[in-house]
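Chain residues, written in single-letter form:
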Amino acid sequence: MARKLKATYSPLTVSAFPDGDIYLKYNTNLKGKTLVLVQSFQPNPEHSLSVVLFAGKNAKDLGAKKVILVAPYLAYMRQDARFNPGEAVSSKIVGELLSEAVDKVYTFDPHIHRYKSLSDIFSIPTKYLTANWLIADYIKKHFKDLVIVGPDWESSQWAKRIADKIGVPSTVCKKKRITSWKVRVKIVNPILMKGKNVVIVDDIISTGHTIVEAAKEIRKHHPKSISAICVHGLFVGEAMKKLKKTGVSKVISTNCIEHKTNKIDVTEMLAEELKK
Ligand code: R5P
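How each quantity is defined
Residues numbered from 1 in each chain as written. Predicted model: local features only at pLDDT ≥ 70, side-chain atom pairs only at ≥ 80, totals over all residues. Heavy atoms only, no water. Buried < 20%, exposed > 50% of the residue type's maximum accessible area, 1.4 Å probe, protein only. Helix = DSSP H or I, 4+ residues; strand = E, 2+ residues; numbered from the N terminus. Pairing = 2+ DSSP bridges. Right-handed = clockwise from strand over helix to strand, strands pointing away. Contact = heavy atoms within 4.5 Å. Axes fitted to C-alpha atoms, helices over the stretch in contact; angles between N-to-C directions. Arc of directions from axis to C-beta. Salt bridge = Lys/Arg side-chain N within 4 Å of Asp/Glu carboxyl O.

Enquirer: Would you take a moment to explain the pairing of strand E12 (residues 225–233) for this structure?
Expert: A regular strand carries its side chains on alternate faces of the sheet. Taken across its nine residues, E12 has nine buried, putting it largely inside the fold. Strand direction decides the pairing type here: strand E11 (residues 197–205) and E12, joined by eight bridges, are parallel. The residue of E12 that forms the bridge with valine 198 is isoleucine 226. On the question of chirality, the crossover connecting E11 to the parallel E12 by way of helix H6 (residues 209–219) is right-handed.

Have a look at this one:
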């Protein structure tokens, strides 16, 4: 991105004092400059959040004109309600903390299903970007004779929109989440999948169980192949192994989070947005 923006790239020094306190240092002069902090909040969202908070506040203290956070994946957004008494609504808390530390946030396909927009969470300007058209282009180039499946109603904003854009049939399944590690998925509006290349599209693959359960249902319809594409590939624990074991032959993600499945590049789009 720095190259694309013809900007100075300066890695931040982040380490820890012997007692575990964060140590953070900029290695470039920030006075009067616009600073773009890039953080994907994986694989350690807690540490990443602390780094962003320290980096944002420190940059302002050092005289930066503007501090922009580019969070291709914005962690903590999935806890967007108090599902059980006493729980923290993490998305709100993180939104408040980041609003204090930086001046603007850019992110891709944030998981904010129970909010109308990012301004319900942040008190600073935000830019909500979507990788939908990049994913649609990728699917168009790499898949033939296909149908698209969204594993739950929330995924229709990716699966259905992408399918409509490409002009292929799609359906969205019904999902019931039992625990973080257990879901049930049912195909409620079946489409013809027999002999087709089925592409499951979702925003996040975390433990992989959503895709695994969807794939098990899809298999009953005798498809030619099953693939999965996501915006944010977290691939927690044995997710990749489980997906392969269930017969998901191709797993593809954007580079919002760095992973070996990255095939779709979002940096060009980000750079263009930052130039505006
Ligand atoms: C949920 O609403 C999301 O869109 C994803 O389906 C979910 O985060 C995937 O999680 P997992 O891979 O752990 O099933």
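Enquirer: It is not clear to me how the side chain of serine 227 should be interpreted in this structure. Could you clarify?
Expert: Here serine 227 lies in strand E12. Setting aside anything within four residues of it in sequence, one finds serine 227 in contact with Phe143, Val198, Val199, Ile200, Val248, Ser249 and Lys250.

Enquirer: Mind showing me how you'd approach the sheet that holds strand E7 (residues 146–150) here?
Expert: In spatial order, the strands read E8-E7-E11-E12-E13-E14; together these six strands make up an open sheet with parallel pairing. Single-partner strands in this sheet number two, and they are strand E8 (170–172) and strand E14 (262–264). When strand polarity is set aside, the average angle formed by the axes of neighbouring strands in this sheet is 30 degrees. Inspection of the sheet shows strand E13 (residues 248–254) paired to E14 by two bridges, in the parallel sense. Directly across from serine 253, in E14, lies its bridge partner asparagine 262.

Enquirer: Would you take a moment to explain the sheet that holds strand E3 (residues 34–38) for this structure?
Expert: Here four strands make up an open sheet; going across it, the order is E3-E4-E5-E6 and the pairing parallel. Each of the sheet's edge strands pairs with one partner strand only, and the pair in question is E3 and strand E6 (126–129). The mean angle between the axes of side-by-side strands here comes to 15 degrees, regardless of whether they run parallel or antiparallel. Examined bridge by bridge, E3 and strand E4 (residues 66–71) share five bridges and lie parallel to one another. Of the residues in E4, the one forming a bridge with valine 36 is isoleucine 68. Along the sheet, helix H8 (residues 267–275) makes contact with E3, E4, strand E5 (104–108) and E6, crossing E5 at roughly 155 degrees.

Enquirer: Explain helix H4 (residues 132–142) here, please?
Expert: Each α-helix turn comprises 3.6 residues. Residues three or four places apart therefore point the same way. Turning to H4, its buried residues number three or more, namely Asn132, Ile135, Ala136, Tyr138 and Ile139. Looking down the long axis of H4, one finds its buried residues gathered within 165 degrees of arc, a one-sided arrangement. Pointing more than 90 degrees away from the buried face of H4 are the exposed residues Lys140 and Lys141.

Enquirer: What should I look at first to understand the pattern of salt bridges in this one?
Expert: When their charged atoms lie close together, side chains carrying opposite charge are able to pair. By the definition in use, this model includes 14 salt bridges. Salt-bridge contacts for lysine 4 lead to glutamate 268; the nearest nitrogen and oxygen are separated by 3.9 Å. Separated by 264 residues along the polypeptide, lysine 4 in helix H1 (residues 2–5) and glutamate 268 in helix H8 bring together distant segments of the chain. The exposure class assigned to glutamate 268 is partly exposed, which follows from its relative accessible area of 42%. The salt bridge partner of lysine 276 is glutamate 273, with a shortest N-O separation of 2.8 Å. Using a relative accessible area of 13% as the deciding quantity, one classes glutamate 273 as buried. Through salt bridges that share partners, Lys4, Asp265 and Glu268 make up one connected network.

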